[in-house]
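Residues per chain are reported as follows:
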Amino acid sequence: QQEGNDLAPLSVTGMPTTNLFLYSADAGVEMDGWNAVAMFSGRVIDGGDQTLHDTAIVLQAGAFVSERTELFTRYEHLFFDSEREGESDDFDAVTVGANWYLIPGSQAFRVTGEARWFPETADDSAGVIPAPVSTVELLPDRSGGQFAIVGQVQMLF
């Protein structure tokens, strides 16, 4: 994406022309009653005088404890470019949760509950993570980690 059509200017202020390049790769496996996925993604923000490289990893595993109930856990780590102005410490999220399926073996109706923990303060990455970030339940924070409980219902039709 190029200048005016991307969110890069929100992340890097004062850059006259900004180009944004995003990339990702993932792999997953589903076996008899368990699953795992690993994802790597990144972005390059090129602002002419400064080029920043941010990356992230996500690791998730799940296992069925009954024909309708799946337990899962997820770890997310964001690596921010150390050349960024201001605070840009790495950022983590740890999630544990459960999925309940109305119809065994079908994704047609699913209820999910999860607990998320953000061990670091969001302010340490304030130049990179705008707060509040409602899509990940992250609020402005000056004192340390946060905890969120999330629930959702999904229906496919």
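Criteria and cut-off values
- Residues numbered from 1 in each chain as written.
- Predicted model: local features only at pLDDT ≥ 70, side-chain atom pairs only at ≥ 80, totals over all residues.
- Heavy atoms only, no water.
- Phe/Tyr/Trp six-rings, centres within 6.5 Å; stacked < 30°, edge-to-face > 60°.
- Helix = DSSP H or I, 4+ residues; strand = E, 2+ residues; numbered from the N terminus.
- Buried < 20%, exposed > 50% of the residue type's maximum accessible area, 1.4 Å probe, protein only.
- Contact = heavy atoms within 4.5 Å.

*Asks:* Can you break down the packing of aromatic side chains residue by residue, with the values?
*Replies:* Within the structure shown, the criterion is met by four aromatic pairs. Both rings, one in phenylalanine 64 and one in tyrosine 101, keep their centres 5.8 Å apart while their planes meet at 35°; by these two values the pair is tilted. Of this pair, phenylalanine 64 sits in strand S3 (residues 51-64) while tyrosine 101 is found in strand S5 (residues 91-101), placing the two residues 37 residues apart along the sequence. According to the relative accessible area criterion, tyrosine 101 is buried, its value standing at 5%. Within the aromatic cluster, the residues linked to one another by ring pairs are Phe21, Tyr23 and Phe40.

*Asks:* Please give an account of the environment of alanine 93 that cites residues and values.
*Replies:* You can see alanine 93 is positioned in strand S5. The exposure class assigned to alanine 93 is buried, which follows from its relative accessible area of 5%. Taking the C-alpha atoms as reference, alanine 93 lies 4.7 Å from phenylalanine 118; in sequence the two are 25 residues apart. Apart from the residues within four sequence positions on either side, alanine 93 is in contact with Arg74, Tyr75, Glu76, Arg116, Trp117 and Phe118.

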